[in-house]
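Residue-level structural notes
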Amino acid sequence: MPVNQDQRSRSNKPNVITIHSCAQSGDLSALQKKLQENPSLLNERNAVMAQTPLHVASAGNKVDIVKFLLNWRGSEKVELEARNMYGETPLHMAAKNGSSEAARVLLDHGALVESKANNGMTPLHLAVWYSLRAEDCLTVKTLLEYNADCSVKDNDGMTPLNHLSQGPGNEKLRELLNWHLEEQRKRRAIEACTETKAKMAQLEDAISNIVGLHELKLQLRKWAKGMLLDEKRRALGLKVASRRSPHMAFLGNPGTGKTMVARILGKLLHMVGIIPTDKVTEVQRTDLVGEFVGHTGPKTRKKIKEAEGGILFVDEAYRLIPMQKSDDKDYGLEALEEIMSVMDAGKIVVIFAGYSEPMKRVITSNEGFSRRVTKFFVFDDFNSEELAQIVHLKMNNQDIVSLLYGFKLHSSCTVEAVAKLIEKGTTEKQRKEMNGGIVDPMLVNARENLDLRLDFECTDSDDLVTITLEDLEAGLKSLTQ
């Protein structure tokens, strides 16, 4: 058969030696020479697969080449996670070709064992496919030594273990993967348990700043424990339903800590995973209700959008509902309906707060309210001892911007002593009307009294920042008068 001119030209054309051909053949000296002549070839992509020399050397298990490339000291560094046209890294190439030694070197240098190709497959998926064809588990074992996840799914929802059902069957490989899968589940459960204990300790620390409210504290512990146990269940591979957002109503007089508890609640619900952020957006009627037709809806939706991912705290919520029915539509009802319409979506937690008696108007104003708001907490008025506890909490947790930052209570200002002082210096009516609202002005006034009684000649640094019972008494007297 005659040979045409084109065929003669191709047959006489010498083979071009490229850095990729050096990597494929394992010719280290030729590869070194190529890089010395042109260091920019280190991460050069070939024409067809867009693979780097590291891809090629890893696929062919050319360990010397792999090591040399990884340890290259030039200005440019080798791309350990470079991806070819299929999104595969050098570790993928080692796995799919059974190059266990190259895989180990790559992993020792920090290659990502859970890296996913375009089809969602990890190196372990590809190593299992190779093992099914070659009946060689060595690369699978290497990846498992580096804790490759046996439960990870590709884009078709298949785990490495699932792929075994498509092969001829390999009991040794199945036993190996199953054993590691169970060990990984146990390890995750232990890790989840450790994290759970740490989070519960955080929760108890935050709850310790809440005075009274035993029912609310119990409910917080229930939520937190349930959510954290769900984390553990999922770590063990169990499928459990997601929890619904716990919308609430806080009922009580002013100064009973409703806003403060909402802020603490934001941090706690975020910590246990119920909401994605710890922000609390505080609103009242004026923030939601417009003055004219068509203004209320957009105004309310803007606040809802602002609160997304956290808590929407509607203070004095009863003001949204008119005391008497009127022929004219009250825009507050429109605002309430806007809020109710998003409560099932799970994007925010809503807390309605206000006096106990007027809040009944809100509860009965919308037939869906009781279905959506499932937790009602009554904030009782503080007694003298609880107010004294708040005094101590305030002084022990001063923010740097507070007027009381850097000051402390004298040792004589025990909870019992401060409680007696409050009991004696206030009437029951005053305590009921102000509750925790007594504390801040009393302490500010006490600091002013400290300033008044100190002499400019005072050199004792302790005396300069110590509030005494005498100061507290003067501060309380100034407030109540």
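Residues numbered from 1 in each chain as written. Predicted model: local features only at pLDDT ≥ 70, side-chain atom pairs only at ≥ 80, totals over all residues. Heavy atoms only, no water.

So, the pattern of salt bridges
Using the criterion set out here, one finds 16 salt bridges in the structure. Of the charged contacts in the structure, one is a salt bridge between Arg301 and Glu338, with a shortest N-O distance of 2.7 Å. Of this pair, Arg301 sits in helix 14 (residues 296–307) while Glu338 sits in helix 15 (residues 331–342), placing them 37 residues apart in sequence. For Arg301, a relative accessible area of 42% corresponds to the partly exposed category. Its salt-bridge partner being Arg319, residue Glu316 comes within 3.4 Å of it at the nearest N-O pair. Residue classification places Arg319 among the partly exposed positions, given a relative accessible area of 33%. One network of salt bridges, in which partners are shared, links Asp344, Arg371 and Arg372. (Salt bridge = Lys/Arg side-chain N within 4 Å of Asp/Glu carboxyl O. Helix = DSSP H or I, 4+ residues; strand = E, 2+ residues; numbered from the N terminus. Buried < 20%, exposed > 50% of the residue type's maximum accessible area, 1.4 Å probe, protein only.)

Quick look at the domain arrangement of the protein chain
Considered domain by domain, the protein chain is made up of domain 1 (19–163), domain 2 (247–379) and domain 3 (384–479). The C-alpha centroid of domain 3 is placed 34 Å from the C-alpha centroid of domain 2. Contacts between domain 2 and domain 3 engage four residues on the former and six residues on the latter. On the domain 2 side of the contact with domain 3, Asn253, Pro254 and Gly255 bury the most area, a combined 87% of that side's loss. Run the count over domain 2 and domain 3 and you get zero salt bridges. (Domains from an automatic or database assignment. Contact = heavy atoms within 4.5 Å. Buried area = accessible area lost by both parts, 1.4 Å probe.)

Considerations on the UniProt feature "repeat: ANK" (unreviewed entry) in the protein chain
Per the UniProt record, the feature "repeat: ANK" (unreviewed entry) sits at residues 49–71, 86–118 and 119–155. Spanning residues 49–71, this segment combines 65% helix with 0% strand, and its end C-alpha atoms are found 24 Å apart. Between the end C-alpha atoms of residues 86–118 there is a gap of 6 Å, over a span that is 48% helix and 0% strand. (UniProt positions renumbered as here; feature names shortened; annotations may be inferred.)

Considerations on the packing of aromatic side chains
Counted under the stated rule, the structure contains six aromatic pairs. Consider the rings of Phe352 and Phe369, whose centres lie 5.1 Å apart with planes at 50 degrees: the pair is tilted. Taken together, the residues span a long stretch of sequence, with Phe352 in strand 4 (residues 349–354) and Phe369 in helix 17 (residues 369–372) at a distance of 17 residues. Across the pair, exposure class does not vary: Phe352 and Phe369 are buried alike. Among the aromatic residues, ring-to-ring pairing joins Phe250, Phe313, Phe377 and Phe379 into one connected group. (Phe/Tyr/Trp six-rings, centres within 6.5 Å; stacked < 30°, edge-to-face > 60°.)

A closer look at the side chain of Thr466
Along the chain, Thr466 turns up in strand 7 (residues 466–467). With relative accessibility at 6%, the residue Thr466 sits in the buried group. Reaching out from Thr466, the side chain makes a polar contact with the backbone oxygen of Asp462 at a distance of 2.5 Å. With residues near it in sequence (within four places) discarded, Thr466 still touches Lys408, Leu409, His410, Leu450, Arg453 and Asp471. (Polar contact = N/O pair within 3.5 Å; in protein donor to acceptor, adjacent residues only side chain to side chain.)

Topic: the packing of helix 14 against helix 15
It is the contact of helix 14 with helix 15, at a shortest axis distance of 9 Å, that shows an interaxial angle of 40 degrees. The orientation of helix 14 relative to helix 15 falls into the category oblique. Between helix 14 and helix 15 the crossing geometry is right-handed. Contact with helix 14, carried on its side by Thr296, Gly297, Thr300, Arg301 and Ile304, involves Tyr331, Glu334, Ala335, Glu338, Ile339 and Val342 of helix 15 and no other residues of that element. Counted by class, the contact of helix 14 with helix 15 contains five nonpolar, three polar and three charged residues. (Axes fitted to C-alpha atoms, helices over the stretch in contact; angles between N-to-C directions. Parallel < 35°, antiparallel > 145°, perpendicular 65-115°, else oblique. Left-handed = near helix turned anticlockwise from the far one by under 90°. Nonpolar A, V, L, I, M, F, W, Y, C, P; charged D, E, K, R; others polar.)

Focus on a nonpolar patch on the surface
Together, Ile400, Val401 and Tyr405 give the surface a local cluster of nonpolar side chains, amounting to about 360 Å² of exposed area. For Val401, the position within the fold is in the loop between helix 18 (384–396) and strand 6 (408–409). The exposure class of Val401 is exposed, given its relative accessible area of 71%. (Patch = residues over 30% accessible without salt bridge, like charges linked within 9 Å, V, L, I, M, F, W, Y side chains within 5 Å. Areas by Shrake-Rupley, 256 points an atom, 1.4 Å probe, with all protein chains shown as cover.)

Observations concerning helix 9 (residues 138–145)
Among all positions in helix 9, only Thr139, Val140, Thr142, Leu143 and Leu144 are buried. Immediately downstream of helix 9, the backbone of Asn147 shows phi near 65 degrees, a positive value.

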